[in-house]
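One-letter residues, chain by chain:
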Amino acid sequence: MTKKQQGELRRWIAFSAIVVALFALIILGKSVAERSGILDDTGLIGSNSTIDIGLIDAPKSLDIRTEQGPAVEQALLGNVYETLIGRDENNRLIPSLANSWSTSKDGRTVTLRLRANTTFSNGDTLDADDVVWSLQHIISDKYVGYERLGSIAAVSSEDARTVTLTLREPDATLLRALSGRAGIVYDSTANPDYATQAMGSGPFIVERTYRQGAATITLQRNERYWDSKKAASAQVTLHYYGDESSLLEAAAEGKVELALPLEHTSIADIGKRTGMKAVQGSSTSKVMLVFNCGTDSPMSDLRTRQSFRYLIDTAAVASSATDAKQALGGPIGPLEPGYEDLTGVYPHDQAKAAQMLTYYSTRYFGDLTFLVPQEYQALGAQINDYLKQGTSNLTAINPDMQVVDDATLSQRLKSGDFKIALVSVGGTDNVDLFNGVDNTLQYQNGEAQQEYQQAVASTNATDYATHMATFARTVSQDAAAAWLYERGINIAVNPRLSGYPVNLTDEILPLKDLALKKH
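Residues numbered from 1 in each chain as written. Predicted model: local features only at pLDDT ≥ 70, side-chain atom pairs only at ≥ 80, totals over all residues. Heavy atoms only, no water.

Under an unreviewed UniProt entry, the name given to the protein is Peptides ABC transporter substrate-binding protein, and the source organism is Bifidobacterium thermophilum.

Now the structure itself:
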């Protein structure tokens, strides 16, 4: 090689080195900017942003094992604590801590295959031993949701990543149970004060010790989170307000980027009152008129129940209620397996109801005790008016409408001190009222109960949905209740917010993907 060629080679090497160095500096600068929240490809504020969420009704305790009610689930489930199986916002089962699962042909063995390299927020490895320990304690200590695991006879681990559930009998509801509190995996070697602290494997940790009555829960990004995709925001603070009016005011003043649920404010009014985007999500909760089917109640008679369903215009009720998503005609909603539109089973037909009611004497209905929770007083009056339309020269329907608080309503339902009542019930609890599991309404239908048992005994999701659809139609035709509507979840959202959940937020509120866009 000539000296000239050698010189040109040295100059080329030097030039290449400068280009590489400049490129490295650019990449480094971009990385620093993204980490500091200055810049990213999507125009988001970045990983150090903080987000404020407004809610109503704070949990009394962080102990998700024993604290009743949805508030603690909203705050912690999927955020701090993770479950073996997850749910997407359309209520479909998806991988979570278990990357996959399978059920034997006879339905008596469920095998869970865990993700590799998962850890708790304290750095402890999460493996099959923790799963076995957690399920055993959930059952033996009767944590919230334990009754959904009643079919499990034994839990064992084949290796660090494989867990086997041996069932007494097939149970098609078990996988869904493992997507709720009954499927949480706890650290078997840790012993936190669960009431004031929370320690799981999720994308967030609770920043500080929680005290009953506290107005906030602050979630910070779990930097040890096992997934390479960490929480989009460094901090999310849950602010709890005493009532919906206070929550709306906070949203209007820009104190929160997300406010929910706004049950008593229409979608149109949310936008007007807050200046934020109004969104309505779906839930599995239902509002319905339930009947006391005990032998000493007039509602024990099928003709009576059918007449009442014909008297109520469910479409009109659903269109006027601020928390309604859509009218329902049966115990299964659109987000649940086996859904079928059953609103046509008993369409509003006052004339038909009046004709059927001529069968009864004017004294038959007597003291028709009608319990209405305080939050549904206006709806109760509407239902009251519909029922009075069944009154004629031969029949007198004059419900004794009694507005009560939630505690009184619950107590009187359990004691049977009612004839009809307005209630709001979640999906699983709603089904249990009619499948023989929950005897609150004293409703018995052998055919429906057999169909439900066939659904539970299914060994695949398709058969389960088919049998549940049959069960729902039987119960609806039997007029076991007057289902009014699926509850919607009204939300106020800062237009710059992305990654927020919409459906099922009355049960779960996953916050991992929350992020704010730049102004």
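Enquirer: Now, about the nonpolar core: what can you tell me, with residues and values included?
Expert: By size, the foremost hydrophobic cluster in this structure holds 69 residues, and its most contacted members are Ile53, Leu76 and Leu165. Top contributing element to this core by residue count: helix 3 (residues 128-140), with five residues. Each of two domains, domain 1 (42-80 + 202-276 + 494-518) and domain 2 (87-189), supplies a minimum of three residues to this core. Leu165 has contacts with Arg108, Thr109, Val110, Leu112, Leu135, Ile152, Ala154, Val155, Leu174 and Leu178, leaving out every residue within four places of it along the chain. (Core = buried A, V, L, I, M, F, W, Y, C linked by side-chain atoms within 4.5 Å. Buried < 20%, exposed > 50% of the residue type's maximum accessible area, 1.4 Å probe, protein only. Helix = DSSP H or I, 4+ residues; strand = E, 2+ residues; numbered from the N terminus. Domains from an automatic or database assignment. Contact = heavy atoms within 4.5 Å.)

Enquirer: If you had to explain helix 11 (residues 406-415) to someone new, which residues and values would you point to?
Expert: Among all positions of helix 11, only Leu409, Arg412 and Leu413 are buried. With its buried residues spanning 105 degrees around the axis, helix 11 presents them on a single face. Across helix 11 from its buried face, at more than 90 degrees, point the exposed residues Ala407 and Lys414. Among the structural elements, strand 14 (369-373), strand 15 (400-404) and strand 16 (420-425) are those in contact with the buried residues of helix 11. Regarding helix 11, its N-cap is Asp405, as a side-chain oxygen of that residue lies 3.3 Å from the backbone nitrogen of Ala407 further along. Positioned one or two residues after helix 11, Gly416 has a phi angle of 80 degrees, which is positive. (Arc of directions from axis to C-beta. Polar contact = N/O pair within 3.5 Å; in protein donor to acceptor, adjacent residues only side chain to side chain.)

Enquirer: Kindly report on the sheet that holds strand 6 (residues 152-159), identifying the contributing residues and their values.
Expert: Across a sheet, strands are paired by hydrogen bonds formed along the backbone, either parallel or antiparallel in direction. Strand order in the open sheet formed by four strands is 4-5-7-6, and the pairing between neighbours is antiparallel. Each edge of the open sheet is held by one strand with a lone partner, namely strand 4 (98-103) and strand 6. Neighbour-to-neighbour, the strand axes of the sheet open up by a mean angle of 20 degrees, direction not taken into account. Alignment of strand 6 against strand 7 (residues 162-167), held across six bridges, turns out to be antiparallel. Bridged to Ile152 within strand 7 is Leu167. (Pairing = 2+ DSSP bridges. Axes fitted to C-alpha atoms, helices over the stretch in contact; angles between N-to-C directions.)

Enquirer: Requested: an account of the UniProt feature "domain: Solute-binding protein family" (unreviewed entry) in the protein, with residues and values cited.
Expert: Under the local residue numbering, the UniProt record ascribes the feature "domain: Solute-binding protein family" (unreviewed entry) to residues 93-438. For residues 93-438, helix accounts for 25% and strand for 24%, while the C-alpha atoms at its two ends are 25 Å apart. (UniProt positions renumbered as here; feature names shortened; annotations may be inferred.)

Enquirer: Can you break down the packing of aromatic side chains residue by residue, with the values?
Expert: Evaluated as defined, the whole model comprises 14 aromatic pairs. Note on Tyr364 and Phe365: the rings are 5.1 Å apart at their centroids and 85 degrees apart in plane angle, and the pair reads as edge-to-face. Taking the centre distance of 5.6 Å and the plane angle of 55 degrees together, the rings of Tyr452 and Phe471 count as tilted. Here Tyr452 is found in helix 13 (residues 446-456), whereas its partner Phe471 is found in helix 14 (residues 461-477), with 19 residues between them in sequence. Joined through ring pairs, the aromatic side chains of Phe291, Phe308, Tyr359, Tyr360, Tyr364 and Phe365 make up one cluster. Taking the ring centre of Tyr359 as reference, the NZ or CZ of Arg303 above it sits at 4.5 Å. (Phe/Tyr/Trp six-rings, centres within 6.5 Å; stacked < 30°, edge-to-face > 60°. Lys NZ or Arg CZ within 6 Å of the ring centre and 35° of its normal.)

Enquirer: Account for the pairing of strand 10 (residues 235-241), naming residues and giving values.
Expert: Of all seven residues that make up strand 10, six are buried, and the element is covered over most of its length. Across seven bridges, strand 1 (residues 50-56) lies against strand 10 in parallel orientation. Bridged to Leu55 within strand 10 is Tyr240. Here five bridges tie strand 9 (residues 216-221) to strand 10, and the two strands are oriented antiparallel to one another. Residue pairing for strand 10: Gln220 is matched across the bridge by Gln235.

Enquirer: Before we move on, can you summarise helix 5 (residues 244-252) with the specific residues and values?
Expert: Owing to its 3.6 residues per turn, the α-helix aligns residues three or four sequence positions apart on the same side. Within the sequence span of helix 5, burial applies to Glu244, Leu247, Leu248, Ala250 and Ala251. Along the axis of helix 5, the buried residues cluster in a sector spanning 160 degrees; they form a single face. Buried residues belonging to helix 5 abut strand 1, strand 10, strand 11 (258-259) and helix 6 (267-274). You can read the cap of helix 5 off the contacts: a side-chain oxygen lies 3.3 Å from the backbone nitrogen of Ser245, and it is on Asp243. Looking one or two places after helix 5, you find Gly254, whose phi comes out positive at around 75 degrees.

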